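Observations on the model geometry
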Amino acid sequence: MTEHTPLIEINDLAIKFGSHTAVNNVTMDISRGRIMGLVGESGSGKSTLANAIIGLLPYAAQISHGSIHFDGRNLLSFTAQDWGKIRGKDLAYVSQDPMSALNPTLRIGKQMLDIQHFSEQSTTEKLANALAALEQVRMPQAQARLSMYPHELSGGQKQRVCIAMAIMARPKLLITDEATTALDATLEVEIVQLLKELQKDIGCSMLFVTHHLTVVEELCDDVTVMHQGDIKECGTVSEVFSNPSDKYTSNLLTCDPSRIEEKCRRLPIMFNLGLKELADPETDRKRINNKSRPLLSIRHLDVTFRKPRSLIDILTGKPKQRVEAVKTASLDIAPGETVALIGESGSGKSTLARAAFRLVPSEKGEIYFDGTDLLSITNADMRSFRNEMSLMMQDPIGSLNPRMPVGTSVIEPLIVSEKASGLNLRDEAIHLLELVGLSADFVDRYPHEMSGGQARRVGVARALALRPKMIIADEPTAGLDVSIQGEIFNLLAELRESMSLSILIITHNLHVVRHLADRMVIMYHGEIVETGTTENVIRAPKHAYTKVLLEANLQAKYGV
Amino acid sequence: MAQRTNKHTGLTRVRNVIRKLCSTPLGLFSVIIVTAFFVVGITGDWIAPYDPIKLDIRAKLQGPSSAHWLGTDQVGRDVFSRLLVGTKVASYLAVTAVSISLAIGIFLGMIAAFTSRWIDWSMLLIFDTVRSFPTLMFALAVIALFGPSINTIIGIVVISTFPSYARLVRTQVLSLRSMEYIEAQRAMGTRLPRILMRHIFPNVIGPVMIVASMDIPLVIGVEAGLSFLGLGVRPPTPSWGTILNDGFSFIRNTPWIVISAGLPLILTTVAFTTLGERLRDILDPKLRR
């Protein structure tokens, strides 16, 4: 093959799941030595397309017509033996979740040996290859890692191992499916940098599947935009991002909160770009009631987890292991105020929220809600405070009982707090669902019959059932597409104005909260390291971690 | 109001499950056999053509004929009638023993999962101790103490099966307990009994019921085995085990007695096991489309 033909040529490819068309007449090339970004919302068919290239489509999928050529060979005619010869060698794949991509029962070294099964080298040589690959992905203490198990590594390190395994055979094409999505912003930047360098070293082509536009802009040379199985636009990154020719692409770019420099009161959404409304400092000031005492006031809170000892530990007199999740944290939220609690995963931000609901026991400190110390009252007294504050869990679908229709889940707080008597519960459920923009027929649906965005709305509806004074929302926009993020954002912004809600948003996504939050609280390794108004923190971060975080998230272009 | 719609969708779901069950030949077979088993179990006394314990020495050990479809045994009793009435014992045992065992297992399993670790551990120790008894040795010891009767058999089955339900429920509850929707309930102040009944129980019951449906043939087998050894149902009460026992002595000359009691035993065992497996495939959310 000449160097000028594309590495991957996809011609008029259509993939169906039963009657549903996942990929619709797609024609696309991946050039040699270039990085192709494949972007689209969830369900746009981008993962299906990536799986088709590596021959790992689910059984239900059917290729109705079209062709995929790799280096001039027709991949669709490949038998299992043919695939065995090129997978892991010419074609490599890095999956989304580094936690489940590695076998938890095998040491890293063993897994890296196994993947070289096609090679005829001796074990010593293969081990040397593995070590070299780990060093190539900038793994600290590479030699020691070979004898470790996956659970001994952090998320970012595991993803490095996955990438090391993928590049070990110097593949011609590296496919990564949402390889950075599960990682924190700071780690994401590191991995993107790494991929960029590796691609240059090896000279391979890369297909980078993601829904994160900023990463594509940072990493890729070319970009393909998919929507509902169709390719909307294809071109070089600079072309597409600066001058999109397709309406869908331009809408997608307009909706990306990281591309909107000014602070917004309403974000534009895919189907209504005109919704965008800039924040007005005057209304924001009116909304927040700074004169009275804070609604929630956390003072010097310590939360410590003790690891349970096994029988053998107790008999051998091993001391209890303690993990300090939250260290002397203090935090105030005024009535009507929106505060963002920001930190990487494991920084203790979710634990802080759970401690406020007494879901985890606190070691020391006080939590005042409306003047009462929640940590010194009985469980029975605590119950009335649970009506005044609501917790929205991170996973929109997982926080709903899978065997309960949505309408019943939504009114559950009313029943639990014994405020349901005399109410028509079905009407109340419909009312709540309409409040968050869902139609009445959602009452009878089950959680698995909804999309992530719809389930998130149900979560908001349930949080509002008792007309609380405060909502604590744990990653309310995580895992949602850009446009749906905007919808949830607008919903929260609307509700806080109409119901004078205080909101505490826990997140590691600065792009969205930048628009919504009045104040930011940065948490790092269990400690609150910085607080300040959103504008001040972004303009002049004080703590070193805040600076790194802002750099990772917002990048230099917004004048950080 | 919301309750009613809930039940309604529950009913359509049950109908859907049954439709899916009957969609494969093996599934249809198991549904038919299981239904027949329980129908005969309830109506056996009335549909039996002869009195199952009436002796007629002159007509002993006759082969199958139009008068006696499955022949007669060594004292001239009609084997077909004995088989129909014997189904009553089998189905009564299957239902009572498995449901008592289920109730105890679910209750203890939930408690184990929601109490302190020490109680949990002690309960686990008891479960495992009980489970480690060889069922037959245990049964012989219990029968020696209390004498053979159908209630003794129920007791033996309950004691030897409830620990596996309790363990299963405990593991299920432990994994559910850390689910976000349970934590969401705790955050809104839901009391423990309500969390257990409304939010955990419905999500636990599915897998447990499937294991239970696979345990039913085991129960029937234990009864047949003990009755065969003369330690189960007191003669002359007919049960599949006693018929097998009667027929075993004459297996050389009159094999139809053993066959006529053995065949239903095999069929129900296969049917319940298939049903359980099919149910698991249909109800498992991971396999559901």
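Residues numbered from 1 in each chain as written. Chains lettered and ligands numbered in written order. Predicted model: local features only at pLDDT ≥ 70, side-chain atom pairs only at ≥ 80, totals over all residues. Heavy atoms only, no water.

Here we take up the overall build of chain B. The helix and strand inventory of chain B stands at 10 helices and 0 strands. By its C-alpha atoms, chain B is 75 × 45 × 30 Å across when sized along the principal axes. Here chain B holds 289 residues, and the buried ones make up 45% of them. Across chain B, contacts joining residues at least 24 apart in sequence account for 71% of those joining residues at least 6 apart. When the accessible surface of chain B is summed, it comes to about 14,700 Å², and 69% of that surface belongs to carbon and sulfur atoms. Positive and negative side-chain charges in chain B, numbering 28 and 15 respectively, have mean positions lying 9 Å apart. (Helix = DSSP H or I, 4+ residues; strand = E, 2+ residues; numbered from the N terminus. Buried < 20%, exposed > 50% of the residue type's maximum accessible area, 1.4 Å probe, protein only. Contact = heavy atoms within 4.5 Å. Areas by Shrake-Rupley, 256 points an atom, 1.4 Å probe, with all protein chains shown as cover. Lys, Arg positive; Asp, Glu negative; His and termini not counted. Charge placed at Lys NZ, Arg CZ, Asp CG, Glu CD.)

Residue and element names in this part refer to chain B. Residues Leu-136, Met-137, Leu-140, Phe-228, Leu-229, Phe-248 and Ile-251 make up a contiguous nonpolar surface patch of about 650 Å² in total accessible area. Element by element, the count of residues in the nonpolar patch is highest for helix α5 (residues 135-146), at 3 residues. Examined against the element boundaries, Leu-229 turns out to sit in the loop between α8 (192-228) and α9 (240-248). (Patch = residues over 30% accessible without salt bridge, like charges linked within 9 Å, V, L, I, M, F, W, Y side chains within 5 Å. Salt bridge = Lys/Arg side-chain N within 4 Å of Asp/Glu carboxyl O.)

On to the pairing of strand β19 (residues 470-474) of chain A. Of all 5 residues that make up β19 of chain A, 5 are buried, and the element is covered over most of its length. Following the chain from β19 of chain A across helix α19 (residues 482-498) of chain A to the adjacent parallel strand β20 (residues 502-507) of chain A, one finds a crossover that is right-handed. (Right-handed = clockwise from strand over helix to strand, strands pointing away.)

Residues and elements named next belong to chain A. Along the chain, the position of Pro-396 falls in the loop between β18 (389-392) and α16 (406-416). Distance from Pro-396 to Ile-68, taken between C-alpha atoms, is 37 Å for residues 328 residues apart in sequence. Contacts of Pro-396, omitting those with residues within four sequence positions, involve Gly-452, Ala-455 and Arg-456.

A few words on the environment of Leu-331 of chain A. Residues and elements named next belong to chain A. Structurally, the position occupied by Leu-331 is in strand β14 (residues 321-333). Along the primary structure Leu-331 and Ile-202 are separated by 129 residues, whereas in three dimensions their C-alpha atoms are 49 Å apart. When near neighbours in sequence (up to four residues on either side) are disregarded, Leu-331 contacts Leu-296, Ser-297, Ile-298, Arg-299, Val-339, Leu-352, Leu-504, Val-521 and Ile-528.

Residue and element names in this part refer to chain B. Tracing the chain through its elements places Ser-213 in helix α8. Ser-213 gets classed as buried once you look at its relative accessible area, which sits at 10%. In contact with Ser-213, not counting residues within four places along its chain, are Phe-272, Leu-275 and Gly-276.

What follows is about the packing of aromatic side chains. Under the defined criterion, the tally for this structure stands at 11 aromatic pairs over all chains. An angle of 65° between the planes, with centres 5.3 Å apart, marks the rings of Phe-78 of chain A and Trp-83 of chain A as edge-to-face. You can call Phe-78 of chain A buried: its relative accessible area is 14%. On the basis of relative accessible area, Trp-83 of chain A is assigned to the buried category, the value being 10%. Geometrically, the ring pair formed by Phe-228 of chain B and Phe-248 of chain B is edge-to-face, given 5.3 Å between the ring centres and 75° between the ring planes. Taken as a pair, Phe-228 of chain B in helix α8 and Phe-248 of chain B in helix α9 lie far apart in primary sequence, 20 residues in all. Through successive ring pairs, a cluster of aromatic residues spans Phe-37, Phe-38, Trp-240 and Phe-272 of chain B. (Phe/Tyr/Trp six-rings, centres within 6.5 Å; stacked < 30°, edge-to-face > 60°.)

With that out of the way, let us pick up the confidence of the model for chain A. For chain A, per-residue confidence averages 86 on the pLDDT scale, and 98% of positions sit at 70 or higher. Predicted confidence is poor over residues 556-560 of chain A, with pLDDT under 50, and the contacts of this stretch with residues over four places away or in other chains come to 10 contacts. (pLDDT = per-residue confidence, 0-100.)

Moving on to the layout of surface pockets. Rolling a probe over the atoms, with the probe sized like a water molecule, indicates the empty space that remains. All names here are of chain B. Looking at the largest pocket, its volume works out to about 1,100 Å³. Residue lining of the largest pocket: 36 residues in total, with Val-14, Ile-205, Gly-206, Met-209 and Leu-283 positioned closest to the centre. Breaking the lining of the largest pocket down by element, the ones donating at least two residues are α1 (2-21), α2 (25-47), α3 (79-114), α8 and α10 (256-283). When residues of the lining of the largest pocket are assigned to their parent elements, the largest contribution, 10 residues, is made by α8. Partitioned by chemical class, the residues of the lining of the largest pocket number 25 nonpolar, 7 polar and 4 charged. For the second largest pocket, the calculated volume is near 940 Å³. (1 Å grid on protein atoms, 1.4 Å probe; cavity = no way out; pocket = protein on both sides within 12 Å on 5 of 7 lines; lining within 4 Å. Points joined across faces, edges and corners; volume = space filled by probe spheres on them. Nonpolar A, V, L, I, M, F, W, Y, C, P; charged D, E, K, R; others polar.)

According to the stated counting rule, one finds 4 cavities of 30 Å³ or more in the structure shown. Estimates place the volume of the largest cavity at around 140 Å³. Along its surface, the largest cavity is lined by 16 residues, and Ser-390, Leu-391, Arg-462 and Ala-463 of chain A together with Met-188 of chain B are the ones closest to its centre. For the lining of the largest cavity, the elements supplying multiple residues, two or more each, are β18 and α18 (452-464) of chain A together with α7 (180-187) of chain B. Looking at the lining of the largest cavity residue by residue, the class counts come to 11 nonpolar, 3 polar and 2 charged. Approximately 60 Å³ is the volume found for the second largest cavity. Of all the secondary-structure elements, those providing two or more residues to the lining of the second largest cavity are α19, β20 and α20 (510-516) of chain A. Residue contributions to the lining of the second largest cavity peak at 3 residues, all from α20 of chain A. Its residues assigned to classes, the lining of the second largest cavity shows 7 nonpolar, 3 polar and no charged.

Ile-200 and Ile-220 of chain B are the most contacted members of the largest nonpolar core, which totals 59 residues. Among all residues touching Ile-220 of chain B, those that are not within four sequence positions of it are Phe-37, Ala-90, Ala-94, Trp-240 and Leu-265 of chain B. Counting residues in each nonpolar core, the second largest holds 53 residues, with Cys-264, Met-392, Ile-522 and Leu-549 of chain A among its members. (Core = buried A, V, L, I, M, F, W, Y, C linked by side-chain atoms within 4.5 Å.)

Residues and elements named next belong to chain B. Here chain B averages 84 in pLDDT, while 94% of its residues score no lower than 70. Predicted confidence is poor over residues 1-8, with pLDDT under 50, and the contacts of this stretch with residues over four places away or in other chains come to 9 contacts. Under the prediction, the complex receives an ipTM of 0.75, its pTM being 0.79.

Another aspect to go through is the interface of chain B and chain A. If you look at the interface, chain B gives 26 residues, while chain A gives 34 residues. Between chain B and chain A, the buried area comes to about 2,900 Å², and carbon and sulfur atoms account for 53% of it. Together, Glu-180, Ala-187 and Met-188 of chain B form the three largest contributors to the area buried by chain B at its contact with chain A, with a combined 21%. Remark: the boundary between chain B and chain A carries 3 salt bridges. In this structure, the salt-bridge partner of Arg-194 of chain B is Glu-412 of chain A, at a minimum N-O distance of 3.0 Å. Taken together, the connections running from chain B to chain A amount to 13 residue pairs in polar contact (both at pLDDT 80 or more). Those elements that provide at least two residues to the side of chain B that touches chain A are α1, α4 (117-132), α7 and α8 of chain B. (Buried area = accessible area lost by both parts, 1.4 Å probe. Polar contact = N/O pair within 3.5 Å; in protein donor to acceptor, adjacent residues only side chain to side chain.)

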